[in-house]
Amino acid sequence: MSTPSSATAIAHPNIALIKYWGKRDVPLNLPAAGSISLTLAGMETRTTVRFDPTLTVDSVSLDGKDVTGKGAAKISTFLDRVRAKADITTRAHVESANDFPTAAGLASSASGFAALALAATRAAGLELDTPELSVLSRLGSGSAARSVIDGWAQMHPGQADDGDDAFATQIAGSDHWDLRCVVAVCARGPKEIGSTEAMNLTLDTSPYYAAWIEDVTRNLEPAREAILARDFDRLAQLAEASCLRMHACALAADPGILYWQPATMAIMRRVRALRSAGESVFFTIDAGPHVKVFCPADREAAVLAALGEEPSVERLLVSRPGGAARLI
Ligand code: PMV
């Protein structure tokens with residue numbers, strides 16, 4: 001190991017087309033099933049980690065504000081894993097900034113932990129390969145395991161108790177398929193229930209949970225094939241079904257988990273109307289109110305114009321396939 005120092009990394013959020021919703025191990029964030037995602041350019045988390053021998057505790061800031069309490073403890077626990085790997089005890093300064101809304105269902109935890117994993121390991125003098133970086137990122141947030149991958153990623157649930165075989169691999173790079181993802185921001189502020197709590201509640205109380213996990217497992221290979229074949233209509237069908245089934249399963253928990261706002265439903269309806277009118281378009285929604293709308297690159301303007309007519313939407317962001325987490 002070289003001398004601990006400082007490193008800065010950038011990572012993008014990713015959006016799942018075949019969703020991850022349910023853990024086989026909660027502390028290790030081991031998913032109960034696989035998932036498939038696309039890393040998104042145009043939104044990023046930038047994180048600097050600097051190990052400093054004068055510190056007695058880690059100091060963490062997010063978007064210029066000091067992080068304390070549970071949030072800071074989660075980062076310190078994560079850094080402890082890096083320190084253990086690097087055989088150091090030095091505390092660190094962590095400065096992280098998102099250029100998109102934090103904790104609102106725009107996958108800030110995915111880009112956040114992928115950037116933190118890369119910056120912290122490099123600052124600690126470690127050089128992890130992609131599967132190792134994916135495993136480490138997963139320990140921060142299940143979906144972060146996919147944000148280390150360039151383009152289209154498949155998360156493997158693995159079988160090992162320690163989770164060392166639960167990481168993401170690439171299906172195809174960001175240059176494979178020129179798609180756009182229009183993000184319709186449908187509400188302000190943080191979501192009402194975090195994804196881990198919501199997943200655990202779903203597992204414990206939703207009568208549809210077992211059927212959901214079986215369905216995900218069945219749809220992984222068809223979705224992978226649709227991506228490799230650039231079959232938009234097939235991917236549209238699989239992705240919308242995965243999204244609606246994930247939300248149906250969560251809605252059936254007790255108490256039911258409801259992430260949608262009126263604007264969420266309005267955009268879903270618009271997407272369905274556009275598709276009926278012949279447009280190649282589909283939606284997907286994570287653990288929050290925002291809707292991500294996919295279309296071929298040459299239909300971006302038409303889709304933006306149609307979604308822009310929806311008055312309840314806060315704003316529209318356009319994203320394209322994005323690259324792997326990287327050092328700068
Ligand atoms: O990584 P987490 O624990 O925030 O879970 C993310 C879950 C979803 O975003 C709803 C689905 C997914 O596959 O990313």
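Everything in this summary refers to the structure shown in the same document. (Residues numbered from 1 in each chain as written. Predicted model: local features only at pLDDT ≥ 70, side-chain atom pairs only at ≥ 80, totals over all residues. Heavy atoms only, no water.)

1. A closer look at the side chain of K19
Line of reasoning, step 1. Within the secondary structure layout, K19 lies in the loop between β2 (14-18) and β3 (23-25).
Line of reasoning, step 2. On the basis of relative accessibility, which here comes to 1%, the residue K19 falls in the buried class.
Line of reasoning, step 3. There is a polar contact of 2.7 Å between the side chain of K19 and the side chain of T284.
Line of reasoning, step 4. Dropping the residues within four chain positions of it, K19 is found in contact with G34, S35, W212, V216, S242, C243, M246, T284, I285 and D286. (Helix = DSSP H or I, 4+ residues; strand = E, 2+ residues; numbered from the N terminus. Buried < 20%, exposed > 50% of the residue type's maximum accessible area, 1.4 Å probe, protein only. Polar contact = N/O pair within 3.5 Å; in protein donor to acceptor, adjacent residues only side chain to side chain. Contact = heavy atoms within 4.5 Å.)

2. Observations concerning the packing of aromatic side chains
Line of reasoning, step 1. Applying the stated rule across the entire model yields six aromatic pairs.
Line of reasoning, step 2. Each ring, one from W21 and one from Y259, has its centre 6.4 Å from the other, and the planes form 90 degrees; the classification is edge-to-face. Placement of W21 in the loop between β2 and β3 and of Y259 in the loop between α7 (232-251) and α8 (262-276) is noted, with a sequence separation of 238 residues between them.
Line of reasoning, step 3. For W21, a relative accessible area of 3% gives the class buried.
Line of reasoning, step 4. Look at Y259 and you get buried, because its relative accessible area is 6%.
Line of reasoning, step 5. One aromatic cluster in this structure is built from W152, W177, F232, F282 and F294. (Phe/Tyr/Trp six-rings, centres within 6.5 Å; stacked < 30°, edge-to-face > 60°.)

3. Focus: helix α9 (residues 300-308)
Helical geometry: 3.6 residues make up each α-helical turn, so side chains three or four residues apart lie on a common side.
Line of reasoning, step 1. Within α9, burial applies to V303, A306 and L307. Viewed end-on, α9 has its buried residues packed into an arc of 95 degrees, placing them on one side of the element. Pointing more than 90 degrees away from the buried face of α9 are the exposed residues A301 and G308.
Line of reasoning, step 2. On its buried side, α9 packs onto β12 (179-185), α8, β14 (291-296) and β15 (315-319). (Arc of directions from axis to C-beta.)

4. Some words on empty space enclosed by the protein
Line of reasoning, step 1. Considering all chains together, one arrives at two cavities of 30 Å³ or more under this definition.
Line of reasoning, step 2. Approximately 30 Å³ is the volume found for the second largest cavity.
Line of reasoning, step 3. Y20, N29, P31, S35, R138, G142, R146 and M155 are the residues that line the second largest cavity.
Line of reasoning, step 4. Taken together, the residues of the lining of the second largest cavity break down into three nonpolar, three polar and two charged. (1 Å grid on protein atoms, 1.4 Å probe; cavity = no way out; pocket = protein on both sides within 12 Å on 5 of 7 lines; lining within 4 Å. Points joined across faces, edges and corners; volume = space filled by probe spheres on them. Nonpolar A, V, L, I, M, F, W, Y, C, P; charged D, E, K, R; others polar.)

5. Details of the nonpolar core
Line of reasoning, step 1. Counting residues in each nonpolar core, the largest one holds 65 residues, and the members touching the most others are W21, W152, I267, V293 and F294.
Line of reasoning, step 2. The biggest single contributor to this core is α7, with nine residues.
Line of reasoning, step 3. Residues in contact with V293, not counting those within four places in the same chain, are R180, C181, V182, I267, V271, V281, F282, F283, V303 and L307.
Line of reasoning, step 4. In terms of nonpolar packing, the next biggest core, distinct from the first, is built from 39 residues, A86, A115, A119 and V148 among them. (Core = buried A, V, L, I, M, F, W, Y, C linked by side-chain atoms within 4.5 Å.)

6. Comments concerning the environment of A123
Line of reasoning, step 1. Here A123 lies in helix α2 (residues 108-123).
Line of reasoning, step 2. In this structure, the C-alpha to C-alpha distance between A123 and Q159, residues 36 residues apart in sequence, is 31 Å.

7. Considerations on the site of the ligand
Line of reasoning, step 1. Looking at the ligand, there are 14 residues lining it, with Y20, S141, S143, R146 and S195 nearest.
Line of reasoning, step 2. Measuring from an oxygen atom of the ligand, one finds a side-chain N or O atom of S143 at 2.5 Å.
Line of reasoning, step 3. Here an oxygen atom of the ligand and a side-chain polar atom of D286 are 3.5 Å apart.
Line of reasoning, step 4. For the ligand, the accessible surface in isolation is 380 Å², of which the surrounding protein chains cover 93%. (Near = heavy atom within 4 Å. Areas by Shrake-Rupley, 256 points an atom, 1.4 Å probe, with all protein chains shown as cover.)

8. Comments concerning the pairing of strand β6 (residues 45-51)
Line of reasoning, step 1. Residue alternation in β6 divides its side chains into a buried set, T45, T47, V49 and F51, and an unburied set, R46, T48 and R50.
Line of reasoning, step 2. As judged from the six bridges shared by strand β1 (residues 6-11) and β6, these two strands associate in the antiparallel manner. Within β6, the position partnered with A9 by the bridge is T47.
Line of reasoning, step 3. Both β6 and strand β9 (residues 92-98) contribute to a ladder of seven bridges, which runs antiparallel. (Pairing = 2+ DSSP bridges.)

9. Describing the pairing of β2
Line of reasoning, step 1. Summarising burial for β2: five of the five residues are buried, a large majority.
Line of reasoning, step 2. Relative to strand β5 (residues 35-39), β2 runs antiparallel, the two being bridged by four bridges. Across the sheet, I15 pairs through a bridge with L38, a residue of β5.

These results come straight from atomic positions and should not be treated as a statement about function.
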